[in-house]
Amino acid sequence: MVGSDGAPSALSRVPEISGTAVAVVDSQGTVVGWTPSAERLLGHRAQDVVSLPSSRLLFSHDGTPTAKPWARHIRAREQWAGMVELRHSDGHGVQVGVRAVPMGSADGGTDWLVSAAPLSEALWRPALNESVLEALLDHAPIGLAVWDRDLRCTWLNNTAQRRHGALRHQRIGRRLTESMPGFDTEAVEAAMMRVLKDGEPVIDHEFRWISPDGEEDVVFSSSFFRLDGADGSPLGVCSVAVDISGSWARERLGVLNEAGTRIGSTLDVMSTAQELADIAVPLLADSVMVDLAESVPLGEEPLERLEAKDGGIPVFRRAGVRSVHTTRPESLWQRGEPVFVPSDSPFTRVLSSSQSHFEPVLDSSPGTWVDRDPDRARIIRETGIHSIMVIPVKARGVVLGVAVFLRNETLTPFSRDDLLLAEDLVARASLSVDNARRYTRERTAALALQRHLLPRRLSGGSAVEVASRYLPSDLHDGVGGDWFDVLPLSGARVALVVGDVVGHGINAAATMGRLRTAVHTLADMDLAPDELLARLDDLVTRQTAEEVGPDGFAFPIMGATCVYAVYDPVTRICTIARAGHPPPAIVDPDGRVTFPELPPGTPIGLGLMSFESTEFEVPEGSVIALYTDGLVEKRDADIDVGLDRLSAALSRAATTGATGSTESTGSAGRTGTALEDLCSEVVDTLVSKTTSEDDVALLLARTRSLGPSQVASWDLPADPAVVADVRALAVRRLTEWGLGHLAPKVELIVSELVTNAILYGCDPIRLRLIRHTSLVCEVSDASNSAPRLRRARPDDESGRGVFLVSELAQRWGTRFTSQGKIAWAEMELPDTRE
């Protein structure tokens, strides 16, 4: 050993250990001794390092090496060992294992004997324990390897060499991807890189190795942890690999992996429970029954309403059953049937405690639960059941039922390992069962809600012939926020409405129901389309403001779009207003399609009330098409493209034919293509047969008209003397229409309505009779005062007119127009159609 004066050191008697570099550092941290092996390891000659601070030999990524991590050991004069990265003479780092031992110096101080060995030869090599440590590592039954920061192998033991099928000299200095054919190397290196980056160990990372000839297929469970130097800087990664091929753990992982792919394939509770039973037999048990409690409704009749029998109470309903025997003799009940159990039994205890019942050797002696359950005792004797596990089906804190595992053909009883596997298996299935339960509950509620909210039968009366289609975007759920309606109005008119609530599911369906109900109520008030939408917008805005959550914040607005149209078959005038909804399409009798220019308006719920009605005349036999945006909008195309496609589909499908007049019979004539066929053809052309991006609603209305022979009108002077003449005119027209039997009632109604207009209204006054499916009497004037229904006292000389009208007519009311008001009364006519 060379000393600080360049001569052989007095410490040269310290022998060099093969492959180990040795140096001496004094109490001030100065290198005072340097061996040839140290020069071979780091490339520094003795004259270059002796008398220099030892910290200069430390490698640092930031250029500021420090010896602070070892200061405590130096002050305490105690030996220490660890992993360090030293600086080679050419500048690169060398990872070594270091051991420092204190020893006395000539001046009475403390020198340190420092030995170091590269990691490619040993993790660290204490002089006295080298052979013992090396033998221990090489003969360990697990594969050990060390990888540097570049993920190149610097050391591996004999077990790793044998199991990975590569010679040691072929692996050292190479990455896993370079030396291990047949390995899932990319996933392994990715795991090691994560460990090197964040320092978090990876435990039980499973991967496969297949030999190049394909003869050997091995599964390893590997763990990786980072190797840090004494200064905390990362030096590399150590891997520990265990062969789990054929082990119970491997089988357990295989069962659980298969369960993850097979259980929960549907959102049906019964199917999910059956999938659990199917996968457990015969892998784990000879027979499995899955019984669900009342929290998972499966039958029409609640279990609480069923009577107890033979000492058992109905606690469960069987949802899944599987046996190694095709006849399933172990099961007393079939799928869907109620399951009766004694009040004190493992099944009820598991249900109440959420703890598994484990009985590897089934005890059926007198006084046991089996003895108190005669039916099950008989089955146990007949089928030879000798081992049982009852596992709670539990998810999100709720016990949904129990899974019963039995053995009779397999002689080995259930073990604790089997119990753990069964609990893991049931736990995975429980989430799927709960998801199916929640889905079924919400879907059932949403479907029931929507069935009651959407119109079951549409009728356009004498005004229009109608056809409709509704296609939810989720064909499995069948629930959405689109709606449509056809509402009869006074004066033989009809209202057509289509709306679209944002979103899907039960919330959208509930909002749709509220909006549809509100539209019904507002339509009964005979409001103009723009006023109806304004009232609807105001109603939704106020309701949203009133619905404040417990945190004081209002619930988010669930917006909606809507189009509302009123068609009058007497004038053939259609009045439409829309609230952020796509424009209607009008198909004339010649098949030409137009989209009327209508103010778009704002969606319902914003509170802006920016709506405007537009009137236009519609030729008889035309088709009015109202629809939601799901019919024309696509994510990859502009809405104009969708409107062009709709126009082409309507034009291609519509054909001309006979007029739709109901002049002679009052019955609904059909024109051109049958409207139902037209509706189907449009939907089939524009909507995907598999999936749709949004809900689709389509409402088609083919217009009819009422001719002069069905309408009679007279302009009246504001003179009470004219009332008698008006009654006579009305009776004469009723006789012409063959409705003379209604003359007494009509005389009174006409008399009261005309008298009201003369006394309380303004010129001009007009009487109109309309005959369609009902008889309508209308009296219009220029005032805005509406007649009110009140009950006169016995001594009152007036105030009974409107009361008489309400008693004689099936319906009556008042609607306002831009010219004033119209008071009307309606009487049903017998259906004369054959």
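Residues numbered from 1 in each chain as written. Predicted model: local features only at pLDDT ≥ 70, side-chain atom pairs only at ≥ 80, totals over all residues. Heavy atoms only, no water.

(A) View of helix α16 (residues 639–653). Relative to the 21 Å expected for 15 residues at 1.5 Å per residue, α16 spans 21 Å between its end C-alpha atoms, a close match to the ideal helical length. Those residues of α16 lying buried are Gly642, Leu643, Leu646, Ser647, Ala649, Leu650 and Ala653. One side of α16 holds all its buried residues, which, seen down the axis, span an arc of 165°. Pointing more than 90 degrees away from the buried face of α16 are the exposed residues Asp644 and Arg652. Check the buried side of α16 and you find it contacts β22 (585–587), β23 (593–594), β25 (623–627), α17 (675–686) and β26 (696–703). (Helix = DSSP H or I, 4+ residues; strand = E, 2+ residues; numbered from the N terminus. Expected span 1.5 Å × (residues − 1). Buried < 20%, exposed > 50% of the residue type's maximum accessible area, 1.4 Å probe, protein only. Arc of directions from axis to C-beta. Contact = heavy atoms within 4.5 Å.)

(B) Just the sheet that holds strand β20 (residues 560–568), in detail. With antiparallel pairing, five strands are arranged side by side in an open sheet as β18-β19-β20-β21-β24. Taken across any chain shown, the strands that pair with only one partner, and hence form the sheet edges, are β18 (480–488) and β24 (614–617). Adjacent strand axes in the sheet meet at a mean angle of 15° when their direction is disregarded. Pairing of β18 with strand β19 (residues 494–504), which is carried by eight bridges, proceeds in the antiparallel orientation. Note that in β19 the partner of Pro488 across the bridge is Val494. (Pairing = 2+ DSSP bridges. Axes fitted to C-alpha atoms, helices over the stretch in contact; angles between N-to-C directions.)

(C) Looking closely at the pattern of salt bridges. Enumeration over the complete set of coordinates arrives at 30 salt bridges. In this structure, the salt-bridge partner of Arg45 is Asp48, at a minimum N-O distance of 3.1 Å. A relative accessible area of 42% places Arg45 in the partly exposed class. The residue Glu826 makes a salt bridge to Arg811 at a minimum N-O spacing of 3.2 Å. Residue Glu826 is located in strand β31 (residues 820–828), and its partner Arg811 is located in strand β30 (residues 811–817); the two are separated by 15 residues in the primary sequence. Several salt bridges share partner residues, and in doing so they unite Arg396, Asp434, Arg437 and Arg438 into one network. (Salt bridge = Lys/Arg side-chain N within 4 Å of Asp/Glu carboxyl O.)

(D) Looking closely at the packing of aromatic side chains. Using the criterion set out here, one finds two aromatic pairs in the structure. With a centroid separation of 6.5 Å and an interplanar angle of 40°, the aromatic rings of Trp333 and Phe340 are classed as tilted. Relative accessible area serves as the criterion here: at 9%, Phe340 is assigned to the buried category. Plain terms: the ring middles of Phe347 and Trp369 are 5.6 Å apart, the flat faces sit at 90° to each other, and that makes the pair edge-to-face. Residue Phe347 is located in helix α11 (residues 346–353), and its partner Trp369 is located in the loop between β14 (357–359) and α12 (374–383); the two are separated by 22 residues in the primary sequence. Note on Trp369: relative accessible area 8%, which makes it buried. (Phe/Tyr/Trp six-rings, centres within 6.5 Å; stacked < 30°, edge-to-face > 60°.)

(E) Broad picture of unusual backbone geometry. Cis rather than trans, the peptide bond between Val281 and Pro282 has omega equal to 5°. Following the sequence through the fold, Pro282 ends up in the loop between α10 (269–280) and β11 (287–292). At the junction of Asp763 and Pro764, the peptide bond is cis and its omega measures out at -5° in the coordinates. Here Pro764 shows up in the loop between α19 (743–760) and β28 (765–771). Phi angles above zero are rare outside glycine, and Leu151 is one such case at about 60°. Mapping Leu151 onto the fold places it in the loop between β6 (143–148) and β7 (153–156). Its relative accessible area of 0% is what places Leu151 among the buried residues. One non-glycine residue, Ala492, lies in positive phi territory at about 65°. As for its position among the elements, Ala492 is in the loop between β18 and β19.

(F) Structural detail: the packing of α16 against α17. Between α16 and α17, the least distance of the axes is 9 Å, while the angle of their chain directions is 145°. Once α16 is placed against α17, the crossing between them reads as right-handed. Contact residues: Arg645, Leu646, Ala649, Leu650, Arg652 and Ala653 in α16; Leu678, Glu681, Val682, Thr685 and Leu686 in α17. Among the residues making up the contact of α16 with α17, the classes are represented as seven nonpolar, one polar and three charged. (Left-handed = near helix turned anticlockwise from the far one by under 90°. Nonpolar A, V, L, I, M, F, W, Y, C, P; charged D, E, K, R; others polar.)

(G) The pairing of β31, seen in detail. A large share of β31 lies buried, amounting to eight of its nine residues. Hairpin connection of β30 to β31: two residues between the antiparallel strands.

(H) Looking closely at the packing of α19 against helix α20 (residues 801–808). Interhelical geometry of α19 versus α20 gives an angle of 145° and a closest axis separation of 9 Å. Taken as a pair, α19 and α20 cross one another with a handedness that is left-handed. Residues Lys745, Leu748, Ile749, Glu752, Leu753 and Asn756 of α19 lie in contact with α20, whose contacting residues are Gly801, Val802, Leu804, Val805 and Leu808. Considering only residue class, the contact of α19 with α20 consists of seven nonpolar, two polar and two charged.

(I) Spatial organisation of the pairing of strand β1 (residues 21–25). Summarising burial for β1: five of the five residues are buried, a large majority. The side-chain alternation of β1 yields two buried faces, one formed by Ala21, Ala23 and Val25 and the other by Val22 and Val24. Connecting β1 to the antiparallel partner strand β2 (residues 31–34) that follows it, the hairpin turn spans five residues, and Gly29 within it adopts a positive phi of roughly 85°.

(J) Inspection of helix α18 (residues 723–736) at higher detail. Look at α18: 20 Å from first C-alpha to last across 14 residues, which is about the 20 Å you get at 1.5 Å a residue. Within α18, burial applies to Val723, Val726, Ala730 and Leu734. Take α18 and look down its axis: the buried residues cluster within an arc of 75°, on one side only. Turned more than 90 degrees away from the buried face of α18, the exposed residues are Asp725, Thr735 and Glu736. Where α18 ends, the next residue or the one after it, Gly738, has phi of about 75°, a positive value.

(K) How the structure looks around the sheet that holds β26. Ordered in space as β17-β26-β25-β22-β23, the five strands form an open sheet in which the pairing is antiparallel. Two strands lie at the open edges of the sheet, namely β17 (464–471) and β23, each paired on one side alone. Relative to β26, β17 is paired through eight bridges, and the arrangement is antiparallel. Looking across to β26, one finds that Ala467 is bridged to Leu700. The strands touched by α17 within the sheet are β17, β25 and β26, with β17 carrying the most contacts at an inclination of about 30°.

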